[in-house]
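Results of the structural survey
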Amino acid sequence: MRHGIVLFTSDRGITPAAAAKAAEENGFSTFYVPEHTHIPVRREAAHPGTGDATLPDDRYTRTLDPWVSLATAAEATSRIRLATAVALPVESDPITLAKTIATLDHLSGGRVTVGAGFGWNTDELADHGVPAGRRRTALREYVEAMRALWTEEQASYSGEFVSFGPSWAWPKPVQRHIPLMIGAGGGPKTFAWISAHADGWMTTPIERDIVAKASALHAAWAEAGRPGRPEISVLAAARPSPEDLAAWEEAGVTEVIWGLPDKPADDVAAFLARHARRLGL
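As the structure is a computational prediction, the values presented were derived from the model and not from experiment. (Residues numbered from 1 in each chain as written. Predicted model: local features only at pLDDT ≥ 70, side-chain atom pairs only at ≥ 80, totals over all residues. Heavy atoms only, no water.)

Comments concerning empty space enclosed by the protein
- For the structure on display, the rule yields one cavity of 30 Å³ or more.
- Within this model, the largest cavity holds a volume of roughly 60 Å³.
- What lines the largest cavity is Pro89, Val114, Val143, Met146, Arg147, Trp150, Ile178, Pro179 and Leu180.
- The dominant element in the lining of the largest cavity, judged by the number of residues it contributes, is helix α5 (residues 135–151), at four residues.
- Residue composition of the lining of the largest cavity, by class: eight nonpolar, no polar and one charged. (1 Å grid on protein atoms, 1.4 Å probe; cavity = no way out; pocket = protein on both sides within 12 Å on 5 of 7 lines; lining within 4 Å. Points joined across faces, edges and corners; volume = space filled by probe spheres on them. Helix = DSSP H or I, 4+ residues; strand = E, 2+ residues; numbered from the N terminus. Nonpolar A, V, L, I, M, F, W, Y, C, P; charged D, E, K, R; others polar.)

Concerning the environment of Asp266
- Within the secondary structure layout, Asp266 lies in helix α9 (residues 265–279).
- Accessibility expressed as a relative area gives 65% for Asp266, which makes it exposed.
- Remark: the alpha-carbon pair of Asp266 and Pro166, spanning 100 residues in sequence, is separated by 50 Å. (Buried < 20%, exposed > 50% of the residue type's maximum accessible area, 1.4 Å probe, protein only.)

Topic: unusual backbone geometry
- With an omega dihedral of -10°, the bond running from Ala85 to Val86 counts as a cis peptide bond.
- Within the element layout of this structure, Val86 appears in the loop between β3 (81–84) and α3 (94–108).
- At the junction of Trp170 and Pro171, the peptide bond is cis and its omega measures out at 5° in the coordinates.
- Secondary-structure assignment places Pro171 in the loop between β6 (163–167) and β7 (180–183).

A closer look at the nonpolar core
- Within the largest apolar cluster, 71 residues are counted, with the highest numbers of intra-cluster contacts made by Phe31, Ile101, Ile182 and Leu272.
- A per-element tally of this core places α5 first, with nine residues.
- Contact partners of Ile182, with chain neighbours within four places excluded, come to Ala116, Phe118, Leu139, Trp193, Ile194, Ala198, Gly200, Trp201 and Met202.
- Ranked by size, the runner-up nonpolar core spans eight residues in total, among them Val6, Ala83, Met202 and Leu235. (Core = buried A, V, L, I, M, F, W, Y, C linked by side-chain atoms within 4.5 Å. Contact = heavy atoms within 4.5 Å.)

A few points about the pairing of strand β2 (residues 30–33)
- In β2, alternate side chains face the same way, and those of Thr30 and Tyr32 on one face and Phe31 and Val33 on the other are all buried.
- Where strand β1 (residues 2–6) and β2 come together, three bridges link them in parallel fashion. What sits directly across from Gly4, in β2, is Thr30.
- In this region the chain leaves β1, passes through helix α1 (residues 16–25) and returns to the parallel neighbour β2; the handedness of that crossover is right-handed.
- Bridge analysis of β2 against β3 gives four bridges, and the strand direction is parallel. Bridge pairing in β3 places Thr30 opposite Arg81. (Pairing = 2+ DSSP bridges. Right-handed = clockwise from strand over helix to strand, strands pointing away.)

Right under this line is the structure:
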């Protein structure tokens with residue numbers, strides 16, 4: 001079971017490049033950053049953690065662009081994977097986003113993983129023209145269209161939210177298949193979507209019953225006729241016990257993602273060193 005690091009980026013504290021470099025030096029496998037383009041002041045959407053319009057952290061309003069952040073991290077590192085936890089692809093133009101991700105994979109030597117969400121903040125999605133009830137369809141089309149641009153000599157796509165005629169688009173990613181993880185609450189609808197369109201599941205920070213839900217995802221994966229097993233990444237919001245970690249690994253969890261404190265660079269580097277020692281990395 002691997003161990004990754006997520007930095008809730010903002011315009012203060014440690015930079016993504018410095019955090020990724022320290023994470024790599026301390027043996028962590030993946031460096032993650034989140035995405036919110038903006039937070040509407042007046043919202044009907046409740047935050048899944050607070051249950052109302054209250055935000056649990058002001059960094060939601062200060063989040064850096066994920067792809068620019070990961071580009072700086074790519075330049076500062078050589079081995080660690082570069083990922084999002086989570087990005088919101090439907091809030092970007094799909095053709096432009098496909099170019100951005102392919103370029104990042106090209107320049108990083110094939111280290112990109114896309115962690116994507118459907119979007120809890122439906123008011124934010126609405127500002128991008130995405131109806132709340134169609135956000136899963138929109139994400140599916142974005143994924144299919146981007147994969148066409150990444151893999152086909154002349155790519156085209158026709159859907160409800162994405163449509164373009166035969167087109168050339170380079171660079172192609174270094175990876176033949178850029179992994180796609182879906183960060184969402186674990187349930188039958190999410191697991192069916194993952195089994196049909198993605199490579200694995202990323203838990204929410206408030207997820208419970210990880211072992212049971214991992215089993216449910218494996219069952220949905222097998223029912224969909226997918227070979228192998230899905231990737232499962234657990235966002236460790238509270239500090240799990242060694243027994244929790246052992247149970248998760250036995251259940252098929254492939255990575256645990258640990259959050260960084262919102263502190264200056266020296267403090268974060270010291271935290272990473274201590275945490276790596278605790279984990280035996």
